[in-house]
Every structure is written in structure tokens, then in C-alpha cells.
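Below, each chain spelled out in residue letters.
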Amino acid sequence: MGKRSRKRTGAAAAAGEIPKSGGGTTRAERDAARARRAASVRRRAAAPERAGRPARRSPRGERPPAPWGSFPLVEICVLLAIVLLIGGFVVSGTQGATMVFAGLALGSLAGLELAIREHFAGYRSHTTLLAGAVAVFVGTLVAVTAGKILLPVLLGIGLVVFVTGFVVFRRAFRRASGGLSFR
């Protein structure tokens, strides 16, 4: 039988010695080391993938990004609302009143959009604001469609909608924030 060749390892390779058969590693040890190296390579290869995926919860320090990217839509809406409000107070008559109403509506929608985005991302709780907005919307809808309705009935409907919305929005924030009720 011929000699079997072995790789020289560690200090034996540096000294030029051939390791003895009793002092080398076993096949099982070499297979386990190979498996560990392969697993660490797979973990390193998968790490950038995980880091590239957007997290469901945003870290405490940064606001959730807008769905339309870096375009400052909310800021432009707020600026336009301010211009309409100032113009509405300067212009008199029904045109001025319409401008004031449009400025208030546009500013409210811009703020509501930001509140919705922060709330459902788990960044900050806006439960009361969102429940109130839903209650005002439903109350207005009921008042417009029902015509002349008693104020206590309208307030009762608004209260029921507010409490229901509060519970629903609080649960949604708890899911998004990882169990926190408010932040």
C-alpha cells in the first residue's frame, strides 16, 4: 500500500512536520467545522437581505416614511392652507368665508394624514384624534342625510362612534407598536 497524503495543519505545517495519525483531526470534526463555516457564510449572506426589508415598526427616533417618497406633499398642503386662511381673512364676503373653510379643511386633512401614518406605523399614538375625526365625520354624515335631527340623538350617535373608534384604534396601535398602549 502507498502512503496517504495529508494536509499539514497549524504548527506542524510551519515546522515542516507531518502530523501523526493520532494527533490529527477526525473526519467528524472536520465535517462539523465545515458545517459551521457554511452556516456562518449563509448568515452573513442573509443579513443584508434582512436589513434591506422595511421594518413594520419604525424606530422611536424617526418618523415613518410617506407612501409617496420624499415629495413634501403634507408640507405643501399645510402651506396652501395657511395661504387660504390668510387670504380668507383679508377677502371679505362669501368668497373669504369659502377660503377660510377650504384652508381649515385642507390643513385638517394634512394633519390627519400624518396622524394616520404615525399611528398605524406604531410611532406615536393618535387614538383620540382619529376616533374624534371618525365621530365628527359620521355625525356630519348623519346630520346631512337625516335632515332635522335632535341634538341629543346626534351627540349620542357621535359618542357611540367615538368610543368604538377609540377601542379599534387603540388595538391597532398596540399591534403596530409591539404591545404599547401609547407613546
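Residues numbered from 1 in each chain as written. Predicted model: local features only at pLDDT ≥ 70, side-chain atom pairs only at ≥ 80, totals over all residues. Heavy atoms only, no water.

A. Seen up close, helix H4 (residues 93-121). For H4, which comprises 29 residues, the first-to-last C-alpha distance of 43 Å matches the rise-based estimate of 42 Å (1.5 Å per residue) to within 8%. All buried positions along H4 are accounted for by Gly96, Val100, Gly103, Ala110, Ala115, Arg117, Glu118, His119 and Ala121. On its buried side, H4 packs onto helix H3 (73-90), helix H5 (127-146) and helix H6 (151-177). Immediately downstream of H4, the backbone of Gly122 shows phi near 80 degrees, a positive value. (Helix = DSSP H or I, 4+ residues; strand = E, 2+ residues; numbered from the N terminus. Expected span 1.5 Å × (residues − 1). Buried < 20%, exposed > 50% of the residue type's maximum accessible area, 1.4 Å probe, protein only. Contact = heavy atoms within 4.5 Å.)

B. The arrangement of the packing of H3 against H4 in detail. Remark: H3 packs on H4, axes separated minimally by 7 Å, with the N-to-C direction vectors making an angle of 155 degrees. In terms of their interaxial angle, H3 and H4 are classed as roughly antiparallel. The chirality of how H3 crosses H4 is left-handed. On the side of H3, the interface is formed by Val74, Cys77, Val78, Leu80, Ala81, Leu84, Leu85, Gly87, Gly88 and Phe89, while H4 contributes Gly96, Met99, Val100, Ala102, Gly103, Leu104, Leu106, Gly107, Ala110, Glu113 and Arg117. (Axes fitted to C-alpha atoms, helices over the stretch in contact; angles between N-to-C directions. Parallel < 35°, antiparallel > 145°, perpendicular 65-115°, else oblique. Left-handed = near helix turned anticlockwise from the far one by under 90°.)

C. Just the side chain of Arg117, in detail. Note on placement: Arg117 falls in helix H4. Judged by its relative accessible area of 16%, Arg117 falls in the buried class. Among all residues touching Arg117, those that are not within four sequence positions of it are Pro64, Pro65, Ala66, Pro67, Trp68 and Val74.

D. Structural detail: the pattern of salt bridges. Counted under the stated rule, the structure contains two salt bridges. The salt bridge partner of Arg34 is Asp31, with a shortest N-O separation of 2.8 Å. Of this pair, Arg34 and Asp31 both sit in helix H2 (residues 27-52), three residues apart, which is roughly one turn of that helix. With relative accessibility at 46%, the residue Arg34 sits in the partly exposed group. Judged by its relative accessible area of 37%, Asp31 is partly exposed. The closest approach of N and O atoms between Arg117 and Glu113, which form a salt bridge, is 3.0 Å. Taken as a pair, Arg117 and Glu113 lie in helix H4 at a separation of four residues, close to a single helical turn. (Salt bridge = Lys/Arg side-chain N within 4 Å of Asp/Glu carboxyl O.)

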